[in-house]
Amino acid sequence: MNSATHIAIIMDGNGRWAELQGKKRVKGHEAGAKVVKNITTFCSNHPDIERLTLYAFSTENWKRPRLEVEFLMKLLNSYLKNELPVYLKNNVRFEPIGDVRAFSKQLQKTIKIVQEDTAHCDGLVQSLALNYGSQDEILRAMNKLKNTEGEITQEMFSNTLDCKYNVDLLIRTGGDHRLSNYLLWQAAYAELFFTDTLWPDFTPQDLEKIIKKFTKVERRFGGLK
Ligand code: IPE
Ligand code: IPE
Ligand code: MG
(Lines give C-alpha, C1' and ligand atoms only; values in the text may rest on other atoms or scores of the structure.)
(Ligands and ions follow the chains in the order given, each with its own letter.)
Protein backbone atom coordinates (compact mmCIF):
# COMPACT_ATOMS: atom_id res chain seq x y z
CA MET A 1 0.00 0.00 0.00
CA ASN A 2 1.21 3.50 -0.84
CA SER A 3 1.85 5.98 1.88
CA ALA A 4 0.71 9.56 1.28
CA THR A 5 3.84 11.05 2.79
CA HIS A 6 3.76 14.34 0.86
CA ILE A 7 0.41 15.77 -0.16
CA ALA A 8 0.18 18.92 -2.27
CA ILE A 9 -3.10 20.73 -2.86
CA ILE A 10 -4.14 23.36 -5.39
CA MET A 11 -6.84 25.05 -3.32
CA ASP A 12 -9.08 26.36 -6.07
CA GLY A 13 -12.67 27.56 -6.24
CA ASN A 14 -12.94 30.17 -3.47
CA GLY A 15 -14.25 32.91 -5.74
CA ARG A 16 -16.86 30.71 -7.43
CA TRP A 17 -18.00 29.40 -4.05
CA ALA A 18 -18.74 32.95 -2.92
CA GLU A 19 -20.33 34.02 -6.22
CA LEU A 20 -22.67 31.03 -6.15
CA GLN A 21 -24.04 32.41 -2.89
CA GLY A 22 -24.31 35.95 -4.19
CA LYS A 23 -21.37 37.01 -2.03
CA LYS A 24 -18.18 38.88 -2.90
CA ARG A 25 -15.22 36.74 -4.00
CA VAL A 26 -13.24 37.69 -0.91
CA LYS A 27 -15.81 35.92 1.29
CA GLY A 28 -14.71 32.76 -0.47
CA HIS A 29 -11.11 33.40 0.53
CA GLU A 30 -12.17 33.86 4.15
CA ALA A 31 -14.05 30.56 4.07
CA GLY A 32 -11.06 28.96 2.33
CA ALA A 33 -8.73 30.00 5.14
CA LYS A 34 -10.89 28.07 7.63
CA VAL A 35 -10.54 24.99 5.46
CA VAL A 36 -6.75 25.40 5.42
CA LYS A 37 -6.90 25.25 9.20
CA ASN A 38 -9.12 22.13 9.30
CA ILE A 39 -7.18 20.23 6.67
CA THR A 40 -3.86 21.07 8.35
CA THR A 41 -5.12 19.82 11.71
CA PHE A 42 -6.42 16.64 10.07
CA CYS A 43 -3.06 16.04 8.37
CA SER A 44 -1.13 16.74 11.58
CA ASN A 45 -3.03 13.87 13.21
CA HIS A 46 -2.61 11.48 10.29
CA PRO A 47 0.08 8.83 10.80
CA ASP A 48 1.29 8.74 7.14
CA ILE A 49 1.42 12.42 6.23
CA GLU A 50 4.72 14.21 6.79
CA ARG A 51 4.27 17.18 4.46
CA LEU A 52 1.31 19.23 3.31
CA THR A 53 2.13 21.79 0.64
CA LEU A 54 -0.71 24.19 -0.11
CA TYR A 55 -0.92 26.60 -3.04
CA ALA A 56 -2.04 29.88 -1.49
CA PHE A 57 -0.86 32.60 -3.92
CA SER A 58 0.76 32.10 -7.31
CA THR A 59 3.22 34.28 -9.20
CA GLU A 60 0.33 34.83 -11.65
CA ASN A 61 -2.23 35.87 -9.01
CA TRP A 62 -0.85 39.45 -9.05
CA LYS A 63 -2.93 39.87 -12.22
CA ARG A 64 -6.11 39.98 -10.14
CA PRO A 65 -7.84 43.23 -9.17
CA ARG A 66 -5.79 45.25 -6.68
CA LEU A 67 -8.45 45.03 -3.97
CA GLU A 68 -8.57 41.24 -4.14
CA VAL A 69 -4.76 41.01 -3.95
CA GLU A 70 -4.73 43.39 -0.97
CA PHE A 71 -7.41 41.36 0.75
CA LEU A 72 -5.43 38.15 0.23
CA MET A 73 -2.31 39.75 1.73
CA LYS A 74 -4.22 40.92 4.81
CA LEU A 75 -5.91 37.55 5.17
CA LEU A 76 -2.56 35.78 5.00
CA ASN A 77 -1.11 38.06 7.65
CA SER A 78 -4.00 37.55 10.07
CA TYR A 79 -4.22 33.83 9.30
CA LEU A 80 -0.56 33.31 10.23
CA LYS A 81 -0.81 35.41 13.38
CA ASN A 82 -3.92 33.56 14.57
CA GLU A 83 -2.58 30.15 13.64
CA LEU A 84 0.79 30.38 15.39
CA PRO A 85 -0.55 28.94 18.70
CA VAL A 86 -2.38 26.23 16.73
CA TYR A 87 0.80 25.27 14.84
CA LEU A 88 2.60 25.01 18.17
CA LYS A 89 -0.19 23.03 19.83
CA ASN A 90 -0.24 20.55 16.92
CA ASN A 91 3.56 20.40 16.60
CA VAL A 92 3.36 21.70 13.00
CA ARG A 93 6.39 23.31 11.38
CA PHE A 94 5.62 26.13 8.97
CA GLU A 95 7.91 26.36 5.94
CA PRO A 96 6.88 28.82 3.23
CA ILE A 97 7.92 28.27 -0.38
CA GLY A 98 7.93 30.89 -3.12
CA ASP A 99 9.56 34.27 -3.46
CA VAL A 100 8.17 36.24 -0.53
CA ARG A 101 10.47 39.20 -1.24
CA ALA A 102 7.62 40.68 -3.30
CA PHE A 103 5.43 40.98 -0.19
CA SER A 104 5.25 43.95 2.17
CA LYS A 105 7.91 44.17 4.91
CA GLN A 106 5.20 43.61 7.52
CA LEU A 107 3.93 40.42 5.88
CA GLN A 108 7.49 39.16 5.39
CA LYS A 109 8.08 39.74 9.10
CA THR A 110 4.99 37.74 10.09
CA ILE A 111 6.04 34.89 7.78
CA LYS A 112 9.53 34.88 9.32
CA ILE A 113 8.24 34.92 12.90
CA VAL A 114 5.92 31.95 12.33
CA GLN A 115 8.70 30.07 10.51
CA GLU A 116 11.22 30.70 13.29
CA ASP A 117 8.81 30.05 16.16
CA THR A 118 7.76 26.69 14.72
CA ALA A 119 11.25 25.63 13.58
CA HIS A 120 11.56 23.18 16.49
CA CYS A 121 8.25 21.44 15.75
CA ASP A 122 8.86 17.95 14.41
CA GLY A 123 5.37 16.85 13.43
CA LEU A 124 3.71 17.73 10.13
CA VAL A 125 5.48 20.27 7.89
CA GLN A 126 2.93 22.66 6.44
CA SER A 127 4.28 24.61 3.49
CA LEU A 128 2.26 27.47 2.10
CA ALA A 129 3.21 28.35 -1.47
CA LEU A 130 3.36 32.16 -1.40
CA ASN A 131 4.13 34.13 -4.52
CA TYR A 132 5.03 30.69 -5.82
CA GLY A 133 5.40 29.62 -9.42
CA SER A 134 7.24 26.50 -10.43
CA GLN A 135 8.93 28.17 -13.39
CA ASP A 136 10.10 31.02 -11.17
CA GLU A 137 11.37 28.51 -8.58
CA ILE A 138 13.30 26.58 -11.24
CA LEU A 139 14.82 29.76 -12.67
CA ARG A 140 15.86 30.98 -9.22
CA ALA A 141 17.50 27.60 -8.57
CA MET A 142 19.35 27.77 -11.91
CA ASN A 143 20.64 31.23 -11.10
CA LYS A 144 21.85 30.05 -7.70
CA LEU A 145 23.72 27.19 -9.36
CA LYS A 146 25.08 29.03 -12.38
CA ASN A 147 28.62 29.42 -11.03
CA THR A 148 28.86 25.82 -9.84
CA GLU A 149 31.92 24.01 -11.07
CA GLY A 150 31.34 20.68 -12.78
CA GLU A 151 28.03 19.00 -13.55
CA ILE A 152 24.86 19.77 -11.68
CA THR A 153 23.30 16.55 -10.43
CA GLN A 154 19.59 15.88 -10.01
CA GLU A 155 20.10 15.82 -6.26
CA MET A 156 21.90 19.17 -6.24
CA PHE A 157 19.15 20.70 -8.33
CA SER A 158 16.35 19.32 -6.12
CA ASN A 159 18.10 20.61 -3.03
CA THR A 160 18.31 24.10 -4.50
CA LEU A 161 14.56 24.35 -5.07
CA ASP A 162 12.28 25.93 -2.46
CA CYS A 163 10.46 22.61 -2.13
CA LYS A 164 13.03 19.82 -2.06
CA TYR A 165 10.64 16.90 -1.76
CA ASN A 166 8.82 14.81 -4.34
CA VAL A 167 5.05 14.93 -4.13
CA ASP A 168 3.18 11.64 -3.67
CA LEU A 169 -0.37 12.88 -4.03
CA LEU A 170 -1.42 16.09 -5.78
CA ILE A 171 -5.02 17.22 -5.44
CA ARG A 172 -6.81 20.08 -7.20
CA THR A 173 -10.23 21.22 -6.04
CA GLY A 174 -12.57 23.42 -8.07
CA GLY A 175 -13.07 21.29 -11.16
CA ASP A 176 -10.20 22.35 -13.42
CA HIS A 177 -7.65 19.85 -14.65
CA ARG A 178 -4.41 21.76 -14.80
CA LEU A 179 -1.33 22.36 -12.68
CA SER A 180 -1.24 26.19 -12.93
CA ASN A 181 2.54 26.33 -12.50
CA TYR A 182 2.57 24.25 -9.31
CA LEU A 183 5.43 21.94 -8.29
CA LEU A 184 6.20 20.89 -11.88
CA TRP A 185 9.52 19.27 -10.95
CA GLN A 186 8.40 17.76 -7.63
CA ALA A 187 5.20 16.27 -9.07
CA ALA A 188 7.09 14.25 -11.71
CA TYR A 189 5.61 11.01 -10.33
CA ALA A 190 2.76 12.33 -8.20
CA GLU A 191 -0.64 10.70 -8.42
CA LEU A 192 -3.09 13.38 -9.59
CA PHE A 193 -6.59 13.70 -8.16
CA PHE A 194 -9.09 16.29 -9.36
CA THR A 195 -12.36 17.02 -7.61
CA ASP A 196 -15.22 19.34 -8.55
CA THR A 197 -15.69 20.28 -4.91
CA LEU A 198 -14.86 23.97 -4.40
CA TRP A 199 -12.13 24.54 -1.81
CA PRO A 200 -14.38 26.11 0.88
CA ASP A 201 -16.55 22.94 0.76
CA PHE A 202 -13.60 20.52 0.92
CA THR A 203 -13.59 18.50 4.14
CA PRO A 204 -11.15 16.17 5.94
CA GLN A 205 -13.57 13.36 4.98
CA ASP A 206 -13.09 14.24 1.29
CA LEU A 207 -9.35 14.11 1.79
CA GLU A 208 -9.60 10.80 3.61
CA LYS A 209 -11.51 9.29 0.66
CA ILE A 210 -8.85 10.49 -1.80
CA ILE A 211 -6.06 9.10 0.40
CA LYS A 212 -7.86 5.76 0.54
CA LYS A 213 -7.98 5.60 -3.29
CA PHE A 214 -4.36 6.72 -3.51
CA THR A 215 -3.14 3.95 -1.19
CA LYS A 216 -4.46 1.36 -3.66
CA VAL A 217 -2.98 2.82 -6.85
CA GLU A 218 -0.16 0.81 -8.38
CA ARG A 219 2.78 3.19 -8.61
CA ARG A 220 5.36 1.80 -11.01
CA PHE A 221 7.77 4.71 -11.48
CA GLY A 222 8.52 3.47 -14.97
CA GLY A 223 9.25 -0.05 -13.82
CA LEU A 224 7.10 -3.18 -13.89
CA LYS A 225 5.12 -4.76 -11.12
C1 IPE B 1 -8.16 29.92 -5.17
O2 IPE B 1 -9.47 30.30 -5.44
C3 IPE B 1 -7.47 30.90 -4.27
C4 IPE B 1 -6.44 31.73 -4.92
C5 IPE B 1 -6.04 31.60 -6.14
C6 IPE B 1 -5.85 32.77 -4.11
P7 IPE B 1 -9.82 31.28 -6.64
O8 IPE B 1 -9.80 32.68 -6.13
O9 IPE B 1 -8.96 31.02 -7.79
O10 IPE B 1 -11.32 30.86 -6.93
P11 IPE B 1 -11.98 30.69 -8.37
O12 IPE B 1 -11.16 29.69 -9.11
O13 IPE B 1 -11.98 32.04 -9.02
O14 IPE B 1 -13.35 30.19 -8.06
C1 IPE C 1 -4.09 28.33 -8.77
O2 IPE C 1 -5.39 28.78 -8.91
C3 IPE C 1 -3.38 29.13 -7.73
C4 IPE C 1 -3.82 28.93 -6.35
C5 IPE C 1 -4.70 28.04 -5.96
C6 IPE C 1 -3.18 29.76 -5.37
P7 IPE C 1 -5.79 29.88 -10.02
O8 IPE C 1 -7.24 30.09 -9.88
O9 IPE C 1 -4.91 31.06 -9.87
O10 IPE C 1 -5.40 29.12 -11.36
P11 IPE C 1 -5.94 29.32 -12.85
O12 IPE C 1 -5.83 30.79 -13.16
O13 IPE C 1 -7.35 28.83 -12.87
O14 IPE C 1 -5.03 28.45 -13.66
MG1 MG D 1 -9.13 29.79 -9.42
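For the structure itself, look to the data block above.
The following paragraphs examine the structure supplied in this document. All chains use their own residue numbering, which begins from 1 and follows the written sequence. In the order they appear in the text, chains get letters beginning with A and ligands get numbers beginning with 1. Where local features are concerned, this predicted model is filtered to residues with pLDDT of at least 70; where side-chain atom pairs are given and counted, the filter is 80 or more; whole-chain, interface and lining totals use all residues. Just so you know, side-chain values use all the structure's heavy atoms and leave hydrogens and water out.

Each helix and strand in the protein chain was counted, giving seven helices and six strands. The numbering of helices and of strands both runs from the N terminus, where a helix is a DSSP run of H or I of at least 4 residues and a strand a run of E of at least 2. In the protein chain, the order of α-helices and β-strands from amino to carboxyl end is β-α-α-β-α-β-α-β-α-α-β-β-α. Atoms counted for the radius of gyration: C-alpha only. Globule rule: 2.2 Å times the number of residues to the power 0.38. Here the C-alpha atoms of the protein chain give a radius of gyration of 17 Å, agreeing with the 17 Å that 2.2 N^0.38 yields for 225 residues. Seen along its three principal axes, the alpha-carbon backbone of the protein chain occupies a region of about 55 × 40 × 35 Å. By the burial criterion, 49% of the 225 residues in the protein chain qualify as buried. Note on definitions: a residue-residue contact is assigned when non-hydrogen atoms from the two residues lie within 4.5 Å. The long-range fraction of contacts in the protein chain, counting pairs at least 24 apart against all pairs at least 6 apart in sequence, stands at 75%. Computed by Shrake-Rupley with a 1.4 Å probe, the accessible areas treat only the displayed protein chains as cover when residues are assessed. By element, 52% of the accessible surface of the protein chain is carried by carbon and sulfur atoms, the whole surface being about 12200 Å². Counting rule for charge: Lys and Arg are taken as positive, Asp and Glu as negative, and neither His nor the chain ends is counted. Charged side chains are reduced to one point each, which is NZ for Lys, CZ for Arg, CG for Asp and CD for Glu. Counting 32 positive and 28 negative side-chain charges, the protein chain places the centres of these two groups 5 Å from one another. Exposure is judged per residue with a 1.4 Å probe applied to protein chains only, and the accessible area is read against the type maximum: over 50% gives exposed, under 20% gives buried, and values in between give partly exposed.

Below, the discussion takes up the site of ligand 2. One heavy atom within 4 Å of a molecule or strand makes the whole residue count as near it. As a matter of local geometry, ligand 2 sits amid Ile10, Met11, Asp12, Tyr55, Ala56, Phe57, Asn61, Arg64, Arg172, Arg178 and Ser180. Polar contact is the term for a pair of N or O atoms within 3.5 Å; when the atoms are in protein, one must be able to donate a hydrogen and the other to accept it, and sequence-neighboring residues count only if both atoms are side-chain atoms. Aspartate 12 has a polar side-chain atom sitting 3.1 Å from an oxygen atom of ligand 2. Between an oxygen atom of ligand 2 and a side-chain N or O atom of asparagine 61, the distance comes to 2.9 Å. Look at ligand 2: alone it shows 390 Å² of surface, and the protein chains cover 78% of it. Broken down by element, the shell around ligand 2 gets its largest block of residues, three residues, from strand β2 (residues 51–58). Residues belonging to the shell around ligand 2 are distributed by class as follows: five nonpolar, two polar and four charged. Classification convention: Asp, Glu, Lys, Arg as charged; Ala, Val, Leu, Ile, Met, Phe, Trp, Tyr, Cys, Pro as nonpolar; all other residues, Gly among them, as polar.

Attention now goes to the pattern of salt bridges. Pairing between side chains becomes possible if they bear opposite charge and their charged atoms approach one another. Only one rule defines a salt bridge in this text: a Lys or Arg side-chain nitrogen within 4 Å of an Asp or Glu carboxyl oxygen. Using the criterion set out here, one finds 18 salt bridges in the structure. Residue lysine 37 pairs with glutamate 83 through a salt bridge whose shortest N-O separation is 3.3 Å. In this pair, lysine 37 is assigned in helix α2 (residues 25–44) and glutamate 83 in helix α3 (residues 66–89), connecting sequence segments 46 residues apart. The partner of aspartate 99 in a salt bridge is arginine 101, and the shortest N-O contact between them spans 2.7 Å. Salt bridges sharing partners connect three or more residues here, namely Glu19, Arg25, Arg64 and Glu68.

It is worth spelling out the site of ligand 1 at this point. Taken together, Met11, Asp12, Gly13, Asn14, Gly15, Arg16, Arg25, His29, Ala56, Asn61, Arg64 and Leu72 make up all the residues around ligand 1. Separating an oxygen atom of ligand 1 from a side-chain N or O atom of aspartate 12 is a distance of 2.8 Å. In the model, an oxygen atom of ligand 1 is placed 2.9 Å from a nitrogen or oxygen of the arginine 25 side chain. In the complex, the protein chains occlude 86% of the 380 Å² of accessible area that ligand 1 would expose alone. When contributions to the shell around ligand 1 are tallied by element, the ones reaching two or more residues are α1 (14–20) and α2. A per-class count over the shell around ligand 1 returns three nonpolar, five polar and four charged.

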